[in-house]
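One letter stands for each residue in the lines below.
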Amino acid sequence: MIDFCGIRLEHEVINGSGTFDAIAARRAFGDELLERFPFSAFVSKTVTLEPRQGNPPPRLWELGAGMINSIGLPNKGLRGYLAEDLPKLRELPVALIVNVMGFTREEVAALVRAFGECDEVAALELNLSCPNVKTGLDFGVEPSATAGLVAHVRPLADKPLIVKLTPNASDPAAVAAAAEGAGADAVSLINTLRGMALHPHTRGPWLGGRTGGVSGPAIRPIALAQVAQVASRVRVPIVGMGGVQRGADALDLLEAGATLVAVGTESFREPLCGSRIARELTQLRGKPRLEVPSTVR
Ligand SMILES: Cc1cc2nc3c(=O)[nH]c(=O)nc-3n(C[C@H](O)[C@H](O)[C@H](O)COP(=O)(O)O)c2cc1C
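Residues numbered from 1 in each chain as written. Predicted model: local features only at pLDDT ≥ 70, side-chain atom pairs only at ≥ 80, totals over all residues. Heavy atoms only, no water.

Caption draft 1: How the structure looks around the state of the cysteines. All chains considered together, the criterion is met by zero disulfides. Here C118 is not cross-linked by a disulfide; its sulfur's nearest cysteine counterpart is in C5, at 19 Å. (Disulfide = S-S within 2.5 Å.)

Written out as structure tokens, the structure reads:
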């Protein structure tokens, strides 16, 4: 059992927001999903105050080592989520973490207040990869904007608040420290990195959103570096993610300082990979470390 901000979890592997649709998975796998739920907690896709359509297609570009997505955060909005999704997610056998995002402090405050009152919600995750309408910059690229937002919403809910950092900041560790200083109970990283692909024939942008977020194995070394950097600056628990495909990748992030590991892109290939990765992690930990001869050290 793992203690994460006072929440007891079966193992260290959870999903990355937006990469595992528990409601669709239950339709596909039936009640067996509840018996063999692949993650020790379920993180929702980002919920915004108002419903969003998301970006025009195409929304995905496959890479040799992952993908670029420009999904654009389509969702039912707060009211739709509370009415339609929350009653279904209540039936999951694991803790529910709701990921929220707003374009102003007030929007984020309304979301945090509303989900703070829901008994079925164990914790909140605040997605900072969102443009602040006042500055045009993502909230998460600057320590001061992050601190201001976190300090504003922290008192509004009596639940653990995880701040999800953007890797597109010049100093993610400074942003993490600012979030911690303003009252975040945990930080999670990394979100996707901005990337682009060109249409093979027209040579214009392939994605409907022009650019998108790069995820999958391609970003694993960046995730490892940022998790290690953040771990050296904060004392709050860290949820590490970025390109995890196997137990060994999860172990790397844990050894770099993460308390939990989230799996994103790999779930598109293997929806129940969370259980496999948790199992591999246990097996790896049971193994003695390889003795490295002093000549190759
Ligand atoms: C298709 C897709 C949708 C995503 N949607 C969200 C989202 O709604 N909110 C969020 O905070 N992160 C979102 N992410 C980012 C993931 O949660 C994760 O941070 C990122 O993909 C890195 O992990 P991975 O390399 O294992 O995929 C999304 C990623 C993908 C690939």
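Caption draft 2: Layout of the site of the ligand. The local shell around the ligand holds 25 residues, among which S17, T46, G216, G243 and T265 are the closest. In the environment of the ligand, an oxygen atom lies 3.1 Å from a nitrogen or oxygen atom belonging to the side chain of N99. The backbone of G216 places a nitrogen or oxygen atom 2.8 Å from an oxygen atom of the ligand. Against a free-state accessible area of 620 Å², the protein chains account for coverage of 97% of the ligand. Taken together, the residues of the shell around the ligand break down into seven nonpolar, 16 polar and two charged. (Near = heavy atom within 4 Å. Polar contact = N/O pair within 3.5 Å; in protein donor to acceptor, adjacent residues only side chain to side chain. Areas by Shrake-Rupley, 256 points an atom, 1.4 Å probe, with all protein chains shown as cover. Nonpolar A, V, L, I, M, F, W, Y, C, P; charged D, E, K, R; others polar.)

Caption draft 3: Focus on the sheet that holds strand β10 (residues 186-189). With parallel pairing, eight strands are arranged side by side in an open sheet as β3-β14-β13-β10-β9-β8-β7-β4. Each having just a single partner strand, β3 (13-15) and β4 (41-43) make up the two edges of the open sheet. Neighbouring strand axes in the sheet, compared pairwise and without regard to direction, differ in orientation by 25° on average. Inspection of the sheet shows β4 paired to strand β7 (residues 95-100) by three bridges, in the parallel sense. Paired with F42 across the bridge in β7 is L96. (Pairing = 2+ DSSP bridges. Helix = DSSP H or I, 4+ residues; strand = E, 2+ residues; numbered from the N terminus. Axes fitted to C-alpha atoms, helices over the stretch in contact; angles between N-to-C directions.)

Caption draft 4: The packing of aromatic side chains, seen in detail. Enumeration over the complete set of coordinates arrives at seven aromatic pairs. For the pair F37 and F39, a centre-to-centre distance of 6.4 Å together with 70° between the ring planes defines the contact as edge-to-face. The same class applies to F37 and to F39, which are both buried. Ring centres of Y81 and F115 lie 5.6 Å apart, and the angle between their planes is 85°; this geometry places the pair in the edge-to-face category. One end of the pair, Y81, is in helix α3 (residues 77-89); the other, F115, is in helix α4 (residues 105-116), and 34 residues separate them in sequence. No difference in accessibility class separates Y81 from F115, as the two residues are buried. (Phe/Tyr/Trp six-rings, centres within 6.5 Å; stacked < 30°, edge-to-face > 60°. Buried < 20%, exposed > 50% of the residue type's maximum accessible area, 1.4 Å probe, protein only.)

Caption draft 5: Spotlight on unusual backbone geometry. With omega at -5°, the peptide bond leading from P57 into P58 counts as cis. Structurally, P58 is set in the loop between β4 and β5 (60-63). Cis peptide bonds are those with omega within 30 degrees of zero, and the linkage from L189 to I190 qualifies with 10°. The residue I190 is located in the loop between β10 and β11 (193-196) in this model. Although it is not a glycine, C5 sits at a positive phi angle of roughly 50°. Here C5 is to be found in the loop between β1 (2-4) and β2 (7-9).

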